[in-house]
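Next come the chains, spelled out residue by residue.
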Amino acid sequence: MSERVLVKVDGREFELSNLDKVLYPEAGFTKGEVIDYYTRIAPAILPHLRDRPVTRIRYPNGVQAKGFFEKNAPAGTPDWVRTATLPSPGSTKDREMVEYIVCDDLPTLIWLANLAALELHTPQWTIGSAGPDRLIVDLDPGPPAGIQECCTVALIMRERLAADGIEAYPKTSGKKGMQLACPISGEQSDEEVSAYAHRIARELERAEPDLIVSRMTRSLRSGKVFIDWSQNNAAKTTVTPYSLRAQPTPTVSTPLHWEEVESKKVVPAKLTAPAVLERVEKYGDLMAGLCEPGPRLPT
């Protein structure tokens, strides 16, 4: 369990440790398998991480134990890992400065996996950009509503966004809900993007009051799908496509075909690391278009 292995990845040398340690006890999924997953999924996930400060949720003792959020680069970060010192949006008045990790390459991705950084979360903006280049619509079902209701709302949202010339890409959250991600121009502020998302959420709530809620009050969510428009705030991050999640089994935030959403047969619990590797081998990155420039949002 304490054995350390020296590896060389794309010219970078570093150590891996505790490869046999089980991080997902229910599935018997080890840290070595986590590292293997991130190594093999790298061509699909790295474009979604590139140039974005990454917040990690680490589970060094496995998902059954308490994890912790990490924004700052940890002690001992190799000098070849890219970092960016940036103000932390939403912090105190003077704005705390954070030395973020930027995961642009395979060595950094494997190094993070070795730290048991199971979950990788990124903002909707890239370093140095004028504004968000992604619009995120988070669909959160209130029980007894579930993934089928999320699929229904995703289809309604897709049609509404398309009316404004906005293309949406669906994915599971890796937990109980779904997210739609849309490429936008990056020329508008996060306040403008949030206002647009909020306006659309309220509009759909009025049209489908028995299915959709746009208000954050939890007592209103029972049996409905909450459209969380606030994910577009500069201070918010969203789980990156293809990131693992800290669930009983190694589920993944998985890009979907719209045909899967239309069928309403999506089962997030089945979209685990091995299944997602097979999907990417067969279909490629279903969210590749998200990395291309998108249009301005209507005001």
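Residues numbered from 1 in each chain as written. Predicted model: local features only at pLDDT ≥ 70, side-chain atom pairs only at ≥ 80, totals over all residues. Heavy atoms only, no water.

The chain has the name DNA ligase D polymerase domain-containing protein in an unreviewed UniProt entry, where Planosporangium flavigriseum is given as its organism.

**Q** Mind laying out the nonpolar core, listing which residues take part and the relevant values?
**A** Counting residues in each nonpolar core, the largest one holds 78 residues, and the members touching the most others are Tyr37, Tyr38 and Ile41. Top contributing element to this core by residue count: helix 1 (residues 31–49), with 10 residues. Contacts of isoleucine 41, omitting those with residues within four sequence positions, involve Tyr242, Val276, Leu277 and Val280. Within the second largest apolar cluster, 6 residues are counted, among which are Ala84, Leu86, Val98 and Trp125. (Core = buried A, V, L, I, M, F, W, Y, C linked by side-chain atoms within 4.5 Å. Buried < 20%, exposed > 50% of the residue type's maximum accessible area, 1.4 Å probe, protein only. Helix = DSSP H or I, 4+ residues; strand = E, 2+ residues; numbered from the N terminus. Contact = heavy atoms within 4.5 Å.)

**Q** Which residues make up the environment of leucine 220, and what values do they have?
**A** Along the polypeptide, leucine 220 turns up in the loop between strand 13 (212–213) and strand 14 (225–228). Leucine 220 sits in the partly exposed class, given a relative accessible area of 31%. Ignoring any residue separated from it by four or fewer positions in sequence, one finds leucine 220 in contact with Val213 and Arg215.

**Q** Describe helix 2 (residues 106–114), and please don't skip the residues or the numbers.
**A** When you tally the buried positions in helix 2, you get 8 out of 9 residues, the bulk of the element. Listed in full, the buried residues belonging to helix 2 are Pro107, Thr108, Leu109, Ile110, Trp111, Leu112, Ala113 and Asn114. Each element contacted by the buried residues of helix 2 is listed here: strand 1 (4–9), strand 2 (12–17), helix 1, strand 5 (53–58), strand 8 (97–102) and strand 9 (117–122). Looking one or two residues beyond helix 2, the residue adopting positive phi is alanine 116, at roughly 60 degrees.

**Q** Lay out the pairing of strand 11 (residues 169–172) with the relevant residues and their values.
**A** Within a regular beta strand, the side chains point alternately toward one face of the sheet and then the other, so they alternate between its two faces. Side-chain alternation along strand 11 places Tyr169 and Lys171 on one buried face and Pro170 and Thr172 on a second face that is also buried. In this structure, the hairpin formed by strand 11 and strand 12 (residues 178–183) is closed by a connection of 5 residues, where glycine 174 is found at a positive phi of approximately 90 degrees. (Pairing = 2+ DSSP bridges.)

**Q** Any details on the environment of proline 143? Residues and values, ideally.
**A** Among the structural elements, proline 143 can be located in the loop between strand 10 (134–141) and helix 3 (147–163). Spatially, the C-alpha atoms of proline 143 and glutamate 292 are 36 Å apart, while their sequence positions differ by 149 residues.

**Q** Break down the sheet that holds strand 10 for me, with residues and values.
**A** The strand order 11-12-10-14-13 describes an open sheet built from 5 strands, whose pairing is mixed. The open sheet has two free edges, formed respectively by strand 11 and strand 13, since each of these has just one partner strand. Sheet topology note: the strand 11/strand 12 ladder contains 4 bridges and is antiparallel. Across the sheet, the residue bridging to lysine 171 is glutamine 179, located in strand 12.

**Q** Tell me about the pattern of salt bridges, residues and numbers included.
**A** Considering all chains together, one arrives at 16 salt bridges under this definition. As a salt-bridge pair, aspartate 36 and arginine 40 come within 3.3 Å of each other at their nearest N and O atoms. Within this pair, aspartate 36 and its partner arginine 40 are both found in helix 1, separated by 4 residues, close to a single helical turn. Several salt bridges share partner residues, and in doing so they unite Asp51, Arg82 and Asp104 into one network. (Salt bridge = Lys/Arg side-chain N within 4 Å of Asp/Glu carboxyl O.)

**Q** Please provide a residue-by-residue account of the packing of aromatic side chains, values included.
**A** A complete count under the given rule lists 3 aromatic pairs for this structure. With centroids separated by 5.5 Å and ring planes inclined at 45 degrees, the aromatic side chains of phenylalanine 14 and tryptophan 80 adopt a geometry described as tilted. Pair noted here: phenylalanine 14 is in strand 2 and tryptophan 80 is in the loop between strand 6 (68–70) and strand 7 (83–87), with a separation of 66 residues, a long-range link. You can call phenylalanine 14 buried: its relative accessible area is 7%. Seen from the ring of tryptophan 258, arginine 158 lies directly overhead, with NZ or CZ sitting 4.4 Å from the centre. The ring of phenylalanine 226 carries the charged tip of arginine 221 above its face, separated from the ring centre by 4.0 Å. (Phe/Tyr/Trp six-rings, centres within 6.5 Å; stacked < 30°, edge-to-face > 60°. Lys NZ or Arg CZ within 6 Å of the ring centre and 35° of its normal.)

**Q** Give a detailed account of the state of the cysteines, specifying residues and quantitative values.
**A** For the structure on display, the rule yields 0 disulfides. As a non-bridged cysteine, cysteine 182 has cysteine 291 as the owner of its nearest cysteine sulfur, 13 Å distant. By relative accessible area, which is 0% here, cysteine 182 ends up buried. (Disulfide = S-S within 2.5 Å.)

**Q** Explain the packing of helix 1 against helix 6 (residues 273–283) residue by residue, including any values.
**A** Closest axis-to-axis distance for the helix 1/helix 6 pair is 10 Å, and the angle between their directions is 35 degrees. Along this stretch, helix 1 crosses helix 6, giving a crossing that reads as left-handed. From helix 1, Tyr37, Arg40, Ile41 and Ala44 reach across to helix 6, where they touch Ala273, Val276, Leu277 and Val280. Of the residues that constitute the contact of helix 1 with helix 6, the class distribution is 7 nonpolar, no polar and 1 charged. (Axes fitted to C-alpha atoms, helices over the stretch in contact; angles between N-to-C directions. Left-handed = near helix turned anticlockwise from the far one by under 90°. Nonpolar A, V, L, I, M, F, W, Y, C, P; charged D, E, K, R; others polar.)

**Q** Kindly report on the pairing of strand 7, identifying the contributing residues and their values.
**A** Only one face of strand 7 is covered, namely the face carrying Ala84 and Leu86; the face carrying Thr83, Thr85 and Pro87 is uncovered. In terms of strand pairing, strand 7 meets strand 8 through 5 bridges, oriented antiparallel. Of the residues in strand 8, the one forming a bridge with proline 87 is methionine 97.

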